[in-house]
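Secondary and tertiary structure notes
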Amino acid sequence: MSTRPDRFDAPVRFLNRLFHDRRQAPGSLRAMVRSDEIWLTVLAALVGVLSGLCVVAVTWLTLDLHLLLFGQATTRDGRLSGLSTLPPVRTMLVLTLGGVAVGLFGILAARLSPRRPVDPIEANALHGGRMSVADSVVLVTQNILSNGVGASIGLEAGFTQIASAFGSQIGRSFRVRREDLRVLVGAAAGAAIGAAFDAPVAGAFYAFELVIGSYSLCSLSPVAVAALAGVGTTRFLGCAPIPLVIPNPGLLSWEGTAGAMIIGILTALTAIGLMYAVTQTEGLFRRLPGPAWLRPAVGGLLVGGLAMIHPSALSAGHDAMRAVFAGKILPRVAFGLLLLKALASTVSIGAGFRGGLFFASLYLGTLAGILYGAMLEPMGLAPDSSTACALIGMTAMAVAIIGSPMTMICLLLELTGSVSMSGATLAAAVLSLLTVRRLFGYSFATWRFHLRGESIRSAVDIGWMRSLNVRRMMREQVRTLPFDTPVNRAQRLFPLGSAQRLVLLDRDGRYAGMVQLADLHAAPATATPVTALAHFQNAMLTPLMSIREAIELFAKAEADALVVVEDRESRQVVGTLTEQHALRRYAEELERSRRTLAGEESFPT
């Protein structure tokens with residue numbers, strides 16, 4: 001076997017040294033943050049500033065890639081979707097060769113970071129807010145490269161991933177409590193979204209709804225201050241996003257409000273179709289012959305072809321959305337652009353480009369709103385202006401994709417300053433959310449978890465439920481008895497009061513059933529084998545079962561106690577667990593979780 005050093009060893013060691021440093025903050029600072037909510041808020045402000053810097057850096061790198069690859073004369077400021085034309089040959093080459101680069105970088109990324117990156121929602125739901133900066137740097141690099149070559153995806157995944165990873169790393173360096181670490185991760189993600197839109201309130205609600213999974217008074221201060229710090233950082237650096245000029249949507253009549261509700265439902269159905277199409281496209285690309293690293297190249301070629309029809313198919317679509325609000329998109333054109341953008345986003349994600357659908361959903365939603373508003377106009381149900389239709393569609397589409405209604409309602413209020421639209425957008429957001437939950441069951445983020453076999457539906461912390469497994473709760477002392485022991489002999493060996501139940505073993509020491517001692521002594525004292533009294537021969541727990549799985553098995557077997565075996569094949573007994581003890585531990589953990597959410601255990605009084 002060759003002893004030649006692997007060419008990747010050096011960069012792997014560098015990343016490990018750079019991002020896996022386990023040094024802690026000074027003990028006095030750690031004590032201040034752990035004991036005082038004010039100092040946790042100060043730490044959240046630092047996280048917010050870092051999140052704003054991450055947004056500036058990622059945006060700057062991506063726009064510079066656009067300028068470099070597509071030409072400064074073509075793209076002006078590096079934004080692609082608002083252009084009227086693109087050089088055909090150059091665009092096709094950039095997207096195709098860019099797809100090759102994304103595919104090859106994926107091979108390198110698998111070597112540098114063999115673990116699958118954990119995103120902020122999954123980190124808060126399962127891992128107590130623990131994220132890897134090294135893994136996140138790899139992911140955000142893939143996101144920058146994907147968007148930089150023009151793929152039809154947004155940068156929100158990169159923004160929130162790297163910001164949350166730094167928030168997690170800072171929290172761990174201060175050894176904050178599990179719930180406080182989850183808050184810092186959410187605060188970082190919220191600050192990143194707030195900085196991306198220059199909308200701190202929307203960023204804060206993004207953190208509460210999507211990344212933390214709940215709202216509580218104890219988390220309000222850190223999240224709000226982080227969002228303000230993130231927005232303040234981009235403004236201080238002169239890198240705040242270009243304001244979105246939105247005409248006055250006017251006042252909505254009752255008929256217009258009814259139309260807004262219909263637009264919300266129709267847009268939610270469109271979003272469901274989009275999410276389903278992404279899944280099917282991914283499966284289609286996986287079945288393509290040839291190496292996996294060529295799939296993004298095929299996807300890039302297809303997206304390039306779509307961009308030849310109209311450049312709004314590229315990138316996130318922010319500049320194209322400005323054209324919609326400027327009244328340059330007629331309803332008959334909106335249908336074609338909606339289909340074009342949906343196809344481009346579906347192919348981009350399905351082919352393996354890394355990014356999210358949140359930013360793209362805003363543009364898709366404005367097109368859907370214009371289209372469905374025009375369909376309702378002959379019936380007299382359309383909102384009073386095309387701007388109102390676009391705003392309602394944007395809200396409904398984004399809520400359906402990310403599952404965060406208050407985020408979008410606040411974002412629209414911050415973008416437009418129009419209180420008159422709040423009722424209509426609220427109705428559209430609620431109906432969109434209900435439609436998706438009833439007919440599809442997941443937002444785009446949680447749908448991706450579902451496809452991987454996870455049962456996560458939000459960022460609510462269920463990690464404790466998985467860590468509280470049968471091994472931690474079981475009793476290892478077990479009274480065993482050979483299954484062919486006569487009943488009369490078993491009665492003499494185990495008089496009443498000596499135990500509650502006996503575990504029977506066969507001749508190979510494998511589990512063969514369970515006998516209650518009361519049933520044993522109620523039976524006639526004969527030479528009948530005790531196995532005749534056995535129950536639950538096939539109902540067994542295993543050490544790695546979660547507490548929820550154990551409780552479900554108790555209910556299914558209608559048992560007060562079950563045996564724990566090493567695995568179902570060997571049936572080697574390692575302990576027992578009672579339903580009463582499992583339910584008590586479950587109730588204790590639920591109460592602890594409730595008190596934490598209510599802010600009753602965050603800081604000593």
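Refer to the structure printed above.
This section reports on the structure supplied with the text. (Residues numbered from 1 in each chain as written. Predicted model: local features only at pLDDT ≥ 70, side-chain atom pairs only at ≥ 80, totals over all residues. Heavy atoms only, no water.)

This next bit is on helix H17 (residues 386–402). Taking 1.5 Å per residue, 17 residues should reach 24 Å; H17 reaches 24 Å between its end C-alpha atoms and fits that length. Count one or two residues on from H17 and you reach Gly-403, which has phi positive near 70 degrees. (Helix = DSSP H or I, 4+ residues; strand = E, 2+ residues; numbered from the N terminus. Expected span 1.5 Å × (residues − 1).)

Throughout the structure, instances matching the rule amount to six salt bridges. As a salt-bridge pair, Asp-180 and Arg-177 come within 3.9 Å of each other at their nearest N and O atoms. Salt-bridge contacts for Asp-506 lead to Arg-510; the nearest nitrogen and oxygen are separated by 3.8 Å. Classification of Asp-506 by relative accessible area gives partly exposed; the value is 23%. Judged by relative accessible area, which is 28%, Arg-510 ranks as partly exposed. (Salt bridge = Lys/Arg side-chain N within 4 Å of Asp/Glu carboxyl O. Buried < 20%, exposed > 50% of the residue type's maximum accessible area, 1.4 Å probe, protein only.)

Its identity as a non-glycine residue notwithstanding, Asp-198 has a phi of 60 degrees, on the positive side. Along the chain, Asp-198 falls in the loop between helix H9 (178–197) and helix H10 (200–212). The exposure class assigned to Asp-198 is partly exposed, which follows from its relative accessible area of 24%. Even without a glycine there, the phi angle at Phe-536 is positive, about 55 degrees. Tracing the sequence through the fold places Phe-536 in the loop between helix H24 (517–522) and strand S4 (540–541).

Moving on: the packing of aromatic side chains. Enumeration over the complete set of coordinates arrives at seven aromatic pairs. Ring centres 5.2 Å apart and planes at 75 degrees place the aromatic pair Phe-197 and Phe-359 in the edge-to-face group. Of the two residues, Phe-197 sits in helix H9 while Phe-359 sits in helix H16 (residues 358–376), which places them 162 residues apart along the sequence. The exposure classification of Phe-197 matches that of Phe-359, with both residues buried. Taking 6.2 Å as the distance between ring centres and 20 degrees as the angle between the ring planes, the aromatic pair formed by Tyr-206 and Phe-358 counts as stacked. Placement of the pair is Tyr-206 in helix H10 and Phe-358 in helix H16, with a sequence separation of 152 residues. For the pair shown, Tyr-206 and Phe-358 are each scored as buried. Chaining the aromatic ring pairs together yields one cluster made of Phe-159, Phe-197, Tyr-206, Phe-358 and Phe-359. (Phe/Tyr/Trp six-rings, centres within 6.5 Å; stacked < 30°, edge-to-face > 60°.)

With mixed pairing, three strands are arranged side by side in an open sheet as S4-S5-S6. The strands lining the two open edges of the sheet, one partner per strand, are S4 and strand S6 (573–578). Relative to strand S5 (residues 561–565), S4 runs parallel, the two sharing two bridges. Each bridged residue has a counterpart across the sheet, and for Leu-541 the counterpart in S5 is Val-564. (Pairing = 2+ DSSP bridges.)

Where H10 meets helix H11 (residues 217–236), the axes come as close as 8 Å, and the angle between the chain directions of the two elements is 130 degrees. One finds that H10 runs oblique with respect to H11. Helix-helix and strand crossings are classified by hand; for H10 and H11 the assignment is right-handed. Across from Pro-200, Ala-204, Ala-207, Phe-208 and Ile-212 in H10, the residues of H11 making contact are Ser-219, Leu-220, Val-223, Ala-227, Leu-228 and Val-231. A class-by-class count of the residues in the contact of H10 with H11 yields ten nonpolar, one polar and no charged. (Axes fitted to C-alpha atoms, helices over the stretch in contact; angles between N-to-C directions. Parallel < 35°, antiparallel > 145°, perpendicular 65-115°, else oblique. Left-handed = near helix turned anticlockwise from the far one by under 90°. Contact = heavy atoms within 4.5 Å. Nonpolar A, V, L, I, M, F, W, Y, C, P; charged D, E, K, R; others polar.)

At a minimum axis separation of 13 Å, H9 and H16 run at an interaxial angle of 45 degrees. When the axis of H9 is compared with that of H16, the two are oblique. Relative to H16, H9 is oriented so that their crossing is right-handed. Within the contact between the two elements, H9 uses Ile-193, Ala-196 and Phe-197 and H16 uses Phe-358, Phe-359 and Leu-362. In the contact of H9 with H16, the residues fall into six nonpolar, no polar and no charged.

To continue, consider the layout of surface pockets. In this approach the atoms are scanned with a rolling probe the size of a water molecule, which exposes any empty space left behind. In this structure, the second largest pocket encloses a volume near 820 Å³. Around the second largest pocket, the lining comprises 39 residues; the ones closest to its centre are Arg-79, Ala-196, Pro-241, Ile-242 and His-318. Breaking the lining of the second largest pocket down by element, the ones donating at least two residues are helix H3 (37–70), H9, helix H14 (318–325), H16 and helix H18 (405–416). Here the residues of the lining of the second largest pocket sort into 23 nonpolar, ten polar and six charged. Taken together, domain 1 (19–237) and domain 2 (254–451) each give at least three residues to the lining of the second largest pocket, which thus spans both. (1 Å grid on protein atoms, 1.4 Å probe; cavity = no way out; pocket = protein on both sides within 12 Å on 5 of 7 lines; lining within 4 Å. Points joined across faces, edges and corners; volume = space filled by probe spheres on them. Domains from an automatic or database assignment.)

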